[in-house]
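# Structural features, examined
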Amino acid sequence: MEHNGINFDTYFRNYPDKNGYFGRYGGSYIPEELQKAMAEITDAYYTICKSGRFISELRRIRKEFQGRPTPISHLERLSNSIGRVQLYAKREDLNHTGAHKLNHCMGEALLAKYMGKKKVIAETGAGQHGVALATAAAYFGLECDIYMGAVDIKKQAPNVARMKILGANVVEVTDGLQTLKEAVDAAFAAYSREYRDCIYCIGSVLGPHPFPMMVRDFQSIVGIEAREQFTEMTGELPDAVVACVGGGSNAMGMFSGFLNDPVEIYGVEPLGRGEKLGDHAASLKYGTEGVMHGFNSIMLKDENGEPAPVYSVASGLDYPSSGPEHAFLHDIGRVKYDVVNDDDTIDAFFKLSRLEGIIPAIESSHAVAYAIKLAQQMERGSILINLSGRGDKDMDYIIEKYGIR
Ligand SMILES: *Cc1c(COP(=O)(O)O)cnc(C)c1O
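The present account deals with the structure reproduced in this document. Here, residues in each chain are numbered from 1, in the same order as that chain's written sequence. Reporting in this predicted model follows two pLDDT cut-offs: at least 70 for local features of residues, and 80 or more for side-chain atom pairs to be given and counted; totals over whole chains, interfaces and linings ignore these cut-offs and use all residues. For the side-chain quantities, the full set of heavy atoms in the structure was used; hydrogens and water were omitted.

## Considerations on the overall build of the chain
Helix and strand definitions here come from DSSP, where helices need a minimum of 4 consecutive H or I residues and strands a minimum of 2 consecutive E residues; each element is numbered from the N-terminal end. When helices and strands are tallied, the chain shows 16 helices and 16 strands. Compactness check: the chain gives a C-alpha radius of gyration of 20 Å against a globular reference of 22 Å for 405 residues, within 12% of the reference. Dimensions along the principal axes, computed over C-alpha positions, put the chain at roughly 60 × 45 × 45 Å. Within the span of the chain, comprising 405 residues, buried residues form 59% of the whole. We call two residues in contact when some of their heavy atoms are within 4.5 Å. By sequence separation, contacts in the chain at least 24 residues apart represent 73% of the contacts at least 6 residues apart. Only the protein chains shown count as cover for residues, and the accessible areas themselves come from Shrake-Rupley with a 1.4 Å probe. Summed over all atoms, the accessible surface of the chain reaches about 16,300 Å², with 48% contributed by carbon and sulfur. As defined in this context, the radius of gyration uses C-alpha atoms, and a globule is described by 2.2 Å times the residue total to the power 0.38. Exposure categories follow from relative accessible area, calculated using a 1.4 Å probe and restricted to protein chains: below 20% of the type maximum is buried, above 50% is exposed, and the middle band is partly exposed.

Next comes the structure, spelled out in structure tokens:
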């Protein structure tokens, strides 16, 4: 299938190119000493991760440890409450640890093991990536250093406890505002010192090449399973596919299964409290081109051109940019990106819980809210939602901020 001059039959062979570019986005904007480390990971990825041994080991782990394949559920009562359009959910909330993030963490940690590394390093903001990576490290017997801002450590006590129980070393970062940005800088600095013994594991389709490609490829299991399951369930493809976009890993996993199909694809960004800079994290909608954290993409900037402060009710979505592949798919129009605000997200959170017995993560509730809107506009057809995670982690916040409706 072709779209705006891009041939999707051969898309995954050509995107990214050998320098890690999706059109003008992506690449690798990092210090010289780290380029060597990235080149080593890229080499290892092309040789090790494409080998039969690696693939069959990852396949076994996904089945026996993660509990894959995750099912697709027909959301019958939610659909009936809206009209004739049928909604379905790919249940990444049922993946071990309760979200999609473990899909790429297990891949990255298995690669570390094959490369003979002893340790994995990462930063975390809300702690979800840290918990997923600590889980993978425990499984493979790797050391694990998670860099986290001191402010975030206070805010995210349960996730800090989970990481420690899993045997990870949580490194407190006390520079600057003591949140995600400083944690990224500290983790990169540590990696420059220690790259011979460890690999850096990025938490989404972000960062310098090869991470946007590698994380997409590890997450593509979501789209591959979903396409097969959906066609088996219904005899056809969905009319539309919807996923929330923070960095964009759950979305890229799902979208990659349908890019070459006549299916409408929607990425949903958080509009938060509104359109003013600082009140949302809708980088593709309101951002401009720029380089941060080692890659070129579309980002939200402050008046000095630095990453702008962002906000969303979902802490997993409040990142001031999105993966370079999303910027590319946005430019060529293959994927439509739109926004949902906090209020509609929370409504969708309660609707899915009450009507289907599924408590979604607040991140995933953005996709549910958008699918509900889309279903109201469509006469008939079907929509497949990527339910990226479960809402257990959000219980305390919901009860405190919104009460029990
Ligand atoms: C982290 C997270 C997200 C956002 O990350 P992406 O890379 O955009 O997928 C979405 N949903 C859940 C449940 C998460 O934990």
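So, next bit.
## With respect to unusual backbone geometry
Comment: phi is negative for the bulk of residues other than glycine, and the bulk of peptide bonds are trans. The omega torsion across R68 and P69 is 0 degrees, close enough to zero to call that bond cis. Tracing the sequence through the fold places P69 in the loop between α3 (52-66) and β5 (72-75). The phi dihedral of N4 is positive, around 50 degrees, even though this residue is not glycine. Inspection of the secondary structure puts N4 in the loop between β1 (2-3) and β2 (6-7).

## Quick look at the packing of aromatic side chains
Two rings belonging to Phe, Tyr or Trp (six-membered ring only in the last case) form a pair when the distance between their centres is within 6.5 Å. Interplanar angles under 30 degrees mark stacking, angles over 60 mark edge-to-face geometry, and anything in between is tilted. Scanning all chains against the criterion turns up 16 aromatic pairs. Geometrically, the ring pair formed by Y139 and F140 is edge-to-face, given 4.9 Å between the ring centres and 80 degrees between the ring planes. Feature note: the residues F8, Y11, F12, Y15 and F328 constitute an aromatic cluster, connected by ring pairs. The criterion for a charge sitting over a ring is simple: Lys NZ or Arg CZ within 6 Å of the ring centre, and within 35 degrees of the ring normal. The side chain of R196 reaches across the aromatic face of Y195, ending 4.9 Å from its centre.

## Some details on the nonpolar core
Remark: nonpolar core denotes a set of buried residues (Ala, Val, Leu, Ile, Met, Phe, Trp, Tyr, Cys) joined through side-chain atoms within 4.5 Å. Formed by 61 residues in total, the largest nonpolar core has its most connected members in L111, V120 and Y191. With sequence-adjacent residues up to four places away left out, Y191 is seen in contact with L34, A37, M38, I41, I121, C198, I199 and Y200.

## Observations concerning the site of the ligand
Being near a molecule or strand, for a residue, means having at least one of its heavy atoms within 4 Å of it. Of all residues adjacent to the ligand, which total 16 residues, the nearest are K101, S204, G248, S249 and S388. Within the contact set of the ligand, an oxygen atom lies 2.6 Å away from a side-chain nitrogen or oxygen of K101. Polar contact is defined as a pair of N or O atoms within 3.5 Å, subject to the rule that within protein one atom must be able to donate a hydrogen and the other to accept it, and that residues adjacent in sequence are counted only when both atoms are side-chain atoms.

Spatial relationships are all this shows, so hold off on functional conclusions.
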